[in-house]
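Fold and geometry: a report
As a plain string of letters, each chain reads:
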2 protein chains.
Amino acid sequence: MELSERKKKILRAVVESYIQTAEPVGSKALAELAGLKVSSATIRNDLADLTEQGYLEQPHTSAGRIPSPKGYRLYVNELMEEQRLSLEETKQINEALHLKMQELDKVIGQAGRMVSQLTNYPAFALAEGSRRLTIKRFDLILVDSASFIAVVMTDSSVVKNKLFRLPADLSEPQLQLLTTLLNTAFVGKTLDQLTPELMRVAEHAAGGSYGLISLVVSFAMEVLDALENSPVYTAGASHLLDHPEYQDVGKAQKLMSYLTEDRSLAQALALPALEGDDTKILIGPENVADELKDTSVVLASYDIGDGMKGVIGVVGPTRMDYAKVAAKLSYVADGLSKLFGQPELPPSAPEKEE
Amino acid sequence: MELSERKKKILRAVVESYIQTAEPVGSKALAELAGLKVSSATIRNDLADLTEQGYLEQPHTSAGRIPSPKGYRLYVNELMEEQRLSLEETKQINEALHLKMQELDKVIGQAGRMVSQLTNYPAFALAEGSRRLTIKRFDLILVDSASFIAVVMTDSSVVKNKLFRLPADLSEPQLQLLTTLLNTAFVGKTLDQLTPELMRVAEHAAGGSYGLISLVVSFAMEVLDALENSPVYTAGASHLLDHPEYQDVGKAQKLMSYLTEDRSLAQALALPALEGDDTKILIGPENVADELKDTSVVLASYDIGDGMKGVIGVVGPTRMDYAKVAAKLSYVADGLSKLFGQPELPPSAPEKEE
DNA sequence: GTTTAGCACTCACGCTCCCTGAGTGCTAAA
DNA sequence: TTTAGCACTCAGGGAGCGTGAGTGCTAAAC
């Protein structure tokens, strides 16, 4: 059954007032607040209906109403107005987006911290590849006769390196040979194609070179593994305590440790975002994880390029300023997409063309 | 004035009981608890003396005594017995110490997380170089005609790389030239010796190569800067809420945001450790930062090698199990020192000598 | 001089009781 | 269908009170 216009107006007013004050809203307050020209008694009747239909809840008989998850859902779907960010807000975000382009994981972590700061809620960030990665090329750099640097580059254009120190001597030609071998045998293989047998064969071809092949390939595997299973970064957990719903230390404690410790589980919470494209809002019981049953999550995803997607999100009480948070989040996500889209030649030093 | 044996025993009993229970300790409880063969009345007299001398405090007239910072200090200096870790505990730590050798900053962050988990207090970790770093060598790897990888290695043997994409063509000989130039002009220079003039000169020598020199050197400077001013990693802030002294959300909130946000200030808190060698304990007002006035900090430092030192520490209420925490911390620090001391050939793959 | 027993005193904590006021649901009139 | 009126409910806050742990002091015992 479709709600009447007035009831929608009332529901919306309840939600917005409750978001602001965290106090149950009464009929009298609503009569004055919303542009309704009816008396509090009328509103009371409507409130009773809305409560019966499950959109509102009553903490106790003699208190006002608060929105139920169902109420929030309706609000988010139909009643909420897209929040436009103020000039100041966009400026603030734009400034924050001027992050130094560093290694991918650092940037992701920074994005999380930024979002947390912008919204005053705990935030998390993660990246996920939609496909299996492979190594595109290997390079070995001789440092001195007892050490060399291995540089590997994935097909997603991430480059990682590691310094190896050896117990024995090493020469340039040897290294050349190894490089060639690596580049023939191990390029273009996904993580589980890099089998021990493959290594043994290559090792054999290399002759007696102290298992260097395995050493470098193990490193490459670590790199692939780290990229494919990159962790979830969380930031600003302490912001939880800003909000009255977490004055109860026990509650705060539970949620907080879920957010900061349980990294593997935290991943579950972002999966929904990887399907759709734009901003997603998950309200209370809509979350799969039990720990988030009275918590809401707002998610936005962005494009990293090379088949990778990033997700940033914010966690907070169901009484959350969805409009504002969603607006900020999607603005940030857009910004990040653009950032990753542009070529690597950084804006920091293009003016060197004298 | 030196305290009598009995008074010391009493003080110690008060501290240890309070550390366990977080409840003020009364004379009767003490009479039974400590191996003192005197009555509660006698103890009351001693307690009164200890209170007068500032070692103990009384929350209110009809409550027992709790240790003052001065009392904790005496306890830590003279009365505390070195805690020996149980077999299980050392085993647990040893297992945790098997961290994958990754990039330095990752390892440091992990160490912090580990310590927090071991002690159930928030922990932080940082690294600090005692000297100015320089770049030891540059390598450029041509990927294709429009991109190359720059690899820089510092004199502390840290290697970093970055992929550059270019708007224009590039050839192997060009790159060779650039490499030589970089290795002659910019090696061995500290951050502030890498002046714009130096770059301009080198740029000139390189001819028209799109400011590539500056690009790479800027990257090198970023690397040096990041290493010299590496951030403070904090972990497990939510553990604060485990302890009754932070049931007051306001307090917890304050300290927590100090720990997690205010990274620059958090550095101040670790400086003391960089002077001495072994474990350091800072009790309440001994801390410089105002936010830590009723908080204690336990610090341990370890050797990273190449002139770098690491510090790990733990933050908690003054009622902290100093003996245990200090023992764990110094055990971990020792472990880390050893870990960094050993050659890079990792223990993970030495068995490849078929 | 030190230790002990005894005793009066203090005061946080938890309990109940009570009042207040916001907010409700219902009824009857407009 | 809306409104005014009214009785009812109930959380929250304050006052008052009893309890008990713990104290300081005094006077006797060692």
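Above this text is the structure in question.
Residues numbered from 1 in each chain as written. Chains lettered and ligands numbered in written order. Predicted model: local features only at pLDDT ≥ 70, side-chain atom pairs only at ≥ 80, totals over all residues. Heavy atoms only, no water.

Some words on the protein's contact with DNA strand D
Quick reminder of the rule: We call a residue near a molecule or strand as soon as one heavy atom of that residue lies within 4 Å of the molecule or strand. Polar contacts here mean pairs of N or O atoms no more than 3.5 Å apart (in protein, one a potential hydrogen donor and the other a potential acceptor; neighbouring residues in sequence count only if both atoms are side-chain atoms). Only DSSP runs of H or I covering at least 4 residues are called helices, and only runs of E covering at least 2 are called strands; the numbering of each starts at the N terminus. Three classes are used, and their members are as follows: Ala, Val, Leu, Ile, Met, Phe, Trp, Tyr, Cys and Pro are nonpolar, Asp, Glu, Lys and Arg are charged, and the others, Gly among them, are polar.
Residues in contact with DNA strand D amount to 21 residues; listed here are only the nearest, Arg 6, Thr 42, Thr 61 and Ser 62 of chain A together with Ser 27 of chain B. Close to the protein, within 4 Å, the atoms of DNA strand D belong to sugar or phosphate groups at a rate of 79%. At 2.7 Å from a phosphate oxygen of DNA strand D is found a side-chain nitrogen or oxygen belonging to Ser 27 of chain B. The biggest single contributor to the surface near DNA strand D is helix α3 (residues 40–52) of chain A, with four residues. Residue classes in the surface near DNA strand D are distributed as four nonpolar, twelve polar and five charged.

Points about the protein's contact with DNA strand C
Taken together, 21 residues lie around DNA strand C, and Ser 27 of chain A together with Arg 6, Ser 39, Thr 42 and Ser 62 of chain B are the ones closest in. Here DNA strand C approaches the protein such that, of its atoms within 4 Å, sugar and phosphate make up 79%. One nitrogen or oxygen atom from the main chain of Ser 39 of chain B is found 2.8 Å from a phosphate oxygen belonging to DNA strand C. Elements supplying a minimum of two residues to the surface near DNA strand C: α3 of chain A together with α3 (40–52) of chain B.

As for the sheet that holds strand β9 (residues 295–305) of chain A
All names here are of chain A. Note the threshold: In this description, strands pair whenever DSSP reports at least two bridges between them. Only the stretch in contact is used when fitting a helix axis, every axis being a line fitted to C-alpha atoms; angles between N-to-C directions are given from 0 to 180 degrees.
Taken together, five strands build an open sheet; the order of strands is β7-β3-β10-β9-β8 and the sheet is antiparallel. Across the chains shown, the open sheet's two edge strands, defined by having one partner strand only, are β7 (233–235) and β8 (280–282). This sheet shows a mean twist of 20° between the axes of neighbouring strands, independent of strand direction. Where strand β3 (residues 123–129) and strand β10 (residues 308–317) come together, seven bridges link them in antiparallel fashion. Across the sheet, the residue bridging to Leu 126 is Val 311, located in β10.

Focus: empty space enclosed by the protein
All names here are of chain A. Note the cut-off: Here a cavity denotes grid points, spaced 1 Å and computed from the protein atoms alone, that fit a 1.4 Å probe unable to get out, and a pocket denotes an open set having protein on both sides within 12 Å along at least 5 of 7 lines; residues with an atom within 4 Å of a point are the lining. Grid points are joined across faces, edges and corners, and a volume is the space filled by probe spheres set on the points.
Scanning the model with the defined rule gives one cavity of 30 Å³ or more in all. Computed from the structure, the largest cavity encloses a volume of approximately 40 Å³. Among the elements of the structure, β3, β7 and α10 (249–260) are those that each provide at least two residues to the lining of the largest cavity. Grouping the amino acids of the lining of the largest cavity by side-chain chemistry returns seven nonpolar, two polar and no charged.

Some words on the pairing of strand β5 (residues 147–154) of chain A
Residue and element names in this part refer to chain A. Note the cut-off: For every residue, the accessible area obtained with a 1.4 Å probe (protein chains only) is divided by the maximum for its type, and the residue is called buried under 20%, exposed over 50%, and partly exposed between those limits.
Within β5, eight of the eight residues are buried, leaving the element largely enclosed by the surrounding structure. On β5, burial covers both faces: Ser 147, Ile 149, Val 151 and Met 153 on one face and Phe 148, Ala 150, Val 152 and Thr 154 on the other are all buried. Of the pairings in the sheet, the one linking strand β4 (residues 135–144) to β5 comprises eight bridges and is antiparallel in character. In the strand pairing of β5, Leu 142 is matched with Phe 148. Between β4 and the antiparallel strand that follows it, β5, lie two residues. Across seven bridges, β5 lies against strand β6 (residues 159–165) in antiparallel orientation. Each residue of the ladder has a partner; that of Val 151, found in β6, is Asn 161. Hairpin connection between β5 and β6: a loop of four residues separates the two successive antiparallel strands, and Ser 157 in this loop has a positive phi of roughly 65°.

Structural notes on the side chain of Ser 156 of chain A
Residue and element names in this part refer to chain A. Counted only if it meets this: Whether two residues touch is decided by their heavy atoms; if any such pair falls within 4.5 Å, the residues are in contact.
Among the secondary structure elements, Ser 156 is positioned in the loop between β5 and β6. A relative accessible area of 8% places Ser 156 in the buried class. Within the structure, the side chain of Ser 156 is placed 2.8 Å from the side chain of Thr 154, a separation counted as a polar contact. Excluding its chain neighbours within four sequence positions, the residues that come into contact with Ser 156 are Arg 131, Leu 133 and Asp 306.

Thoughts on the pairing of strand β10 (residues 308–317) of chain B
Residues and elements named next belong to chain B. Among the ten residues that make up β10, ten are buried, leaving the element largely enclosed by the rest of the structure. Strand direction decides the pairing type here: strand β9 (residues 295–305) and β10, joined by ten bridges, are antiparallel. Across the sheet, the residue bridging to Thr 295 is Pro 317, located in β10. Between β9 and the antiparallel strand that follows it, β10, lie two residues; Asp 306 among them carries a positive phi value of about 55°.

Structural notes on the sheet that holds strand β6 (residues 159–165) of chain B
Residues and elements named next belong to chain B. Read across the open sheet, the three strands follow the order β4-β5-β6; overall the sheet is antiparallel. Only two strands of the sheet have a single partner each, and these edge strands are β4 (135–144) and β6. In this sheet, adjacent strand axes meet at a mean angle of 20° when their direction is disregarded. Helix α9 (residues 212–228) rests against β4, β5 (147–154) and β6 of the sheet, and its axis sits at about 40° to β5.

Let's talk about the packing of aromatic side chains
Residues and elements named next belong to chain A. Applied cut-off: Working definition: rings of Phe, Tyr and Trp (its six-membered ring) pair if their centres are within 6.5 Å, and the pair is stacked with planes under 30 degrees apart, edge-to-face with planes over 60 apart, and tilted otherwise. Only when the NZ atom of a Lys or the CZ atom of an Arg is both within 6 Å of the ring centre and within 35 degrees of the ring normal do we say a charge sits over the ring.
What the rule picks out here adds up to eight aromatic pairs over all chains. Connected via pairs of aromatic rings, a cluster forms that spans Phe 148, Phe 164 and Phe 219. Geometry around Tyr 55 places Lys 70 over its ring, the cationic atom sitting 4.6 Å from the centre.

A few points about the pattern of salt bridges
Which entries qualify depends on this criterion: By definition, a salt bridge exists where a carboxyl oxygen of Asp or Glu is found within 4 Å of a side-chain nitrogen of Lys or Arg.
Applying the stated criterion to the full structure yields 26 salt bridges over all chains. The residue Glu 286 of chain A makes a salt bridge to Arg 73 of chain A at a minimum N-O spacing of 2.6 Å. Taken as a pair, Glu 286 of chain A in the loop between β8 and β9 and Arg 73 of chain A in helix α4 (residues 69–79) lie far apart in primary sequence, 213 residues in all. A relative accessible area of 35% places Glu 286 of chain A in the partly exposed class. Overall, the relative accessible area of 21% leaves Arg 73 of chain A in the partly exposed class. Residues Glu 89 of chain B and Lys 324 of chain B are paired through a salt bridge, measuring 3.3 Å at the closest nitrogen-oxygen approach. Linking Glu 89 of chain B in helix α5 (residues 87–97) with Lys 324 of chain B in helix α13 (residues 322–341), this pair joins segments that are 235 residues apart in sequence. Looking at Glu 89 of chain B, the relative accessible area reads 14%, which means it is buried. Residue class for Lys 324 of chain B comes out partly exposed when judged on its relative accessible area of 25%.

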